[in-house]
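For reference, the chains in residue letters:
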Amino acid sequence: MDSRRPPLAPACRTLPQYVRHWAETAPDRRAFTFVEYPAPHSRGVHRTLTWRRLDLRVRALAARLAEQAEPGARVALLCPQGTEYVTGFLAALTAGLVAVPLYPPGLPGHTDRLSGVLADARPAAVVTTSRVREEVRDFCGREVGDDGGGASPMRIVCADEVPDDDARDWRPVDPDAGATAYLQYTSGSTRAPAGVEITHANVVANARQALTAYGADAHPVTCVGWLPLYHDMGLVLSVAAPVVRGALSVLMDPAAFLNEPVRWLRLLGTHPRAISAAPNFAYDYCVGAVTDGQKADLRLDGVTALINGSEPVRPGTADRFHAAFADRGLPATAHCPSYGLAEATVFVSAARPGEPLARFALDRDALAAGKALPARPDDPRAVLLAGCGTPAGQRVRIADPVTRAALSEGEVGEIWVQGPNVGRGYWGRREESGRVFGAEFADATKAPGGRWLRTGDLGAVLEGQLIVTGRLKDLVIVDGRNHYPQDLEATAQEAHPAVRRDRLAAFAVPGAVPGDAGERVVLVAEHVRTVSLAELDVRAVVRAVRGAVSSRHGLRLADVVLVPPGTVARTSSGKVSRALTRARYLEGEYPQGGYRKTGGTAGADVIAGDANAGGTSAAGATSATSATSATSATSAKASDAKTGAAPRGGVAHGGTPPLGTPPLGTPPADTAAASATSRAVG
């Protein structure tokens, strides 16, 4: 029987303890279902593990891993999306090992990041599946062979080939709650990837916090997700939270969503009280790509919460998504803007389901001066932001990033976080860990004492809601005025229909004259797929963008660069990597005029140096590699959801020629905390 009202979750200390509890109290209830789509028009093939079956598979694989590595050793997960990924992750924890959630090799362009993570983590063993065993073996063999230091070979275990009998007579390790459970590697788009040490207590606490925030602690829910499991949001919301709650988790491959986004909506509609998470672009993608015919059989009245974790969460996106699916029963209060980052496991704050979306119209000039002051929503110079709700089971304060003074409501500063979900630090990086995870307020009488996490994100508190305004390291300062790049990008993408939505990057570069201490602002934007560069009136596009930015922000863009689809770099969560786009601009990778291939398949995304580096066309995406590519590839399709044309054209500048290769400069003082990059920002 499959009870829809699970027993109340006990107070276990680790995820393996929860697995054993549910296997004993609800053995035949469904735990994880992976939905595979073997054909373009498939309605999905469901493969399910009950809690009894999950527990057996976890113990069998844990027994095998315990033979390969000593307690505390790292185990890299190089699995495709699927139930083997879930069992591999939980088995590593059950064996007292440290999991390293990653992805299989195989896509061009992401090799350096994967190599860097493996070199940093130094895993004793690798968990994969028989389907990708050969490429994993070849890749790991090259990594060890290139080491030159006599490193021991990484032992490879295929999760789907370990027999159930391995669980016989093996007794699970009961790890200490304070021990490290896994290393969550940040994106590495602006530095070498850093592994956040997440303890068993951290992940259990964060799962409970998220369940509370989204109302899943008091009501039965189904978690539905397509986010890759190597990503912090996907791992916690699709694995950790369901394990803690004893809830069913329905998984699909990111590529399945990319190729047919209605599949995600169908799964939401067929499971009661569904909770799911996606970046902002995915909601816009559904609006443009789901046809009226596909909408006809959707029933979305049972959806509880749609978590929007991205940078930024745009109120207009929530409005468009609800307008597109309101007649399918989608509740107007299901959209939940949220904020989090890997250093805090993932979840920090969220709007609550069942409540109206909190909207804030803020005065642009005041915001640039560090004050969040209200403005008229219809004022063309107003900045429209969504509130990211409140934390659950943790503290959030706004601090002056220089003086470390606690700021009052309405003042913009750095977001600091304190709670049982905050990670221990960065693996092997004591000095950086101290700066980022060990912050203290200058005046402890105005804020709770103890160690605080510096997020590197800027925000304010208004009407009890956390407002996220941008990132400290991305802030553009021209003539003493602050400009948020995502604000400039939002203006630019509305200026002309040829500018591709959410596929543009604004950033500052050094002054044009040697010795000039000032900064210039550059915008690199992709054009839509429906036209080639040769068919565009580039001068008209540039004039429209320049005029809109000048009018709304009082800022002159030094250069506007129009590039082919797939050229602006993305991170593993599908967000623009401004740092890498800036570096490519300074290195002269955007030559004036002419067609520029991005490498790989036509239309491929060029991804930041993270889990999605490289790219693949939508037609060529395969489930074996999709967990490393589909999130960013999805955001590419989302910008032109109604067109399938391959990109044509080249690069065009609308300002001064690109700089040669000047020094990239140094970040502002004490911004090590600002490099926390694997985040879900609202």
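Please refer to the structure placed before this passage.
Read on for an overview of the structure. Just so you know, these numbers come straight off a predicted model, no measurement behind them.

Once that is clear, we can look at unusual backbone geometry. Phi at R122 is positive, roughly 50°, even though this residue is not glycine. Of note, R122 is situated in the loop between α4 (111–121) and β5 (125–128). With a relative accessible area of 52%, R122 lands in the exposed category. In this structure, D169 takes a positive phi of about 65° despite not being glycine. Within the element layout of this structure, D169 appears in the loop between β6 (155–158) and β7 (180–185). Among the residues examined, D169 registers a relative accessible area of 68% and is labelled exposed.

Take the environment of R451 next. Turning to its location among the elements, R451 is positioned in the loop between α14 (430–437) and β20 (453–462). Taking the C-alpha atoms as reference points, R451 and W416, 35 residues apart in sequence, are found 9.9 Å from one another. For R451, the contacting residues outside a window of four places in its chain are Q418, F437, G438 and A439.

Between the first and last C-alpha of helix α7 (residues 232–245) there are 18 Å, a value that for 14 residues agrees with the 20 Å anticipated at 1.5 Å per step. Of the residues one or two after α7, G246 is the one with positive phi, at around 75°.

Relative to the elements of secondary structure, D55 occurs in helix α2 (residues 51–68). With residues up to four places along the chain from it excluded, the contact list for D55 reads V19, R20 and A23.

Another point: the pattern of salt bridges. Under the counting rule described, the total for this entry stands at 33 salt bridges. Here E489 and R578 are joined by a salt bridge, their closest N and O atoms 2.8 Å apart. In this pair, E489 is assigned in helix α15 (residues 485–495) and R578 in helix α17 (residues 578–586), connecting sequence segments 89 residues apart. As far as the burial class goes, E489 and R578 line up, both buried. With a closest N to O distance of 2.9 Å, R501 and E494 form a salt bridge. Taken together, the salt bridges that share partners define one network made up of R133, E134, R137 and E161.

At a minimum axis distance of 9 Å, the contact between helix α6 (residues 200–213) and α7 shows a crossing angle of 90°. Taken as axis vectors, α6 and α7 run roughly perpendicular relative to one another. Contact residues: V203, N206, A207, R208, A210 and L211 in α6; V236, L237, A240, A241, V244 and R245 in α7. For the contact of α6 with α7, the residue count by class is nine nonpolar, one polar and two charged.

Turning to the pairing of β5, a few remarks are in order. Side chains of β5 alternate between two faces, with A125 and V127 and V126 and T128 buried alike. In this sheet, β5 lies alongside strand β3 (residues 74–77) in parallel orientation, the contact comprising three bridges. Following the sheet pairing, L77 is matched in β5 by V127. Two elements, β5 and β6, share four bridges in a ladder whose sense is parallel. Following the sheet pairing, T128 is matched in β6 by C158.

What follows covers the sheet that holds strand β18 (residues 395–399). The strand order across the open sheet built from four strands is β18-β19-β20-β21, with neighbouring strands paired in antiparallel fashion. The open sheet has two free edges, formed respectively by β18 and β21 (465–471), since each of these has just one partner strand. On average, adjacent strands in this sheet sit at an angle of 50° to one another, irrespective of strand direction.

Let us now look at the nonpolar core. The biggest cluster of nonpolar side chains holds 145 residues, and the ones touching the most others in it are L15, L54, F89, W264 and F325. The leading source of residues in this core is α7, at nine residues. If we ignore the near neighbours within four places in the chain, the residues touching F89 are L15, L77, A99, P101, Y182, L235 and V239. Counting residues in each nonpolar core, the second largest holds 23 residues, with V478, L536, L555 and V560 among its members.

All chains considered together, the criterion is met by 16 aromatic pairs. On the numbers, 5.6 Å between centres and 85° between planes, the contact of F257 with Y285 is edge-to-face. With F257 in helix α8 (residues 254–259) and Y285 in helix α10 (residues 280–289), the pair connects residues that are 28 residues apart, well separated along the chain. Assessed through its relative accessible area of 0%, F257 is described here as buried. Taken together, a centroid distance of 5.0 Å and an interplanar angle of 50° make the contact between F321 and F325 tilted.

Thresholds applied
Residue positions are given per chain, counted from 1 along the sequence in the order it is written. Local features in this predicted model are restricted to residues of pLDDT 70 or higher, and side-chain atom pairs are both shown and tallied only at a pLDDT of 80 or more, whereas totals for entire chains, interfaces and linings draw on every residue. Side-chain measures were taken over the full set of non-hydrogen atoms in the model, leaving aside hydrogen atoms and water. What counts as a helix is a DSSP run of H or I of at least four residues, what counts as a strand is a run of E of at least two, and both are numbered from the N terminus. Relative accessible area decides the class of each residue, using a 1.4 Å probe on protein chains only: under 20% of the type maximum gives buried, over 50% gives exposed, and in between gives partly exposed. Residues are treated as being in contact if the distance between any of their heavy atoms lies within 4.5 Å. The span one expects for a helix is its residue count, reduced by one, times 1.5 Å. A side-chain nitrogen of Lys or Arg and a carboxyl oxygen of Asp or Glu constitute a salt bridge if their distance falls within 4 Å. As a rule, the C-alpha atoms of each element are fitted with a line to give its axis, helices using only the stretch in contact, and angles between N-to-C directions run from 0 to 180 degrees. Orientation categories follow fixed angle ranges, with anything under 35 degrees roughly parallel, anything over 145 roughly antiparallel, 65 to 115 roughly perpendicular, and all other angles oblique. In the scheme used here, Gly and all other residues not listed as nonpolar or charged are polar, with Ala, Val, Leu, Ile, Met, Phe, Trp, Tyr, Cys and Pro taken as nonpolar and Asp, Glu, Lys and Arg as charged. For two strands to pair, DSSP has to find at least two bridges joining them. Residues belong to one nonpolar core when they are buried, are Ala, Val, Leu, Ile, Met, Phe, Trp, Tyr or Cys, and are joined through side-chain atoms within 4.5 Å. Centres within 6.5 Å are what make two rings of Phe, Tyr or Trp a pair, Trp counting through its six-membered ring; a difference in plane orientation under 30 degrees is then read as stacked, over 60 as edge-to-face, and the rest as tilted.

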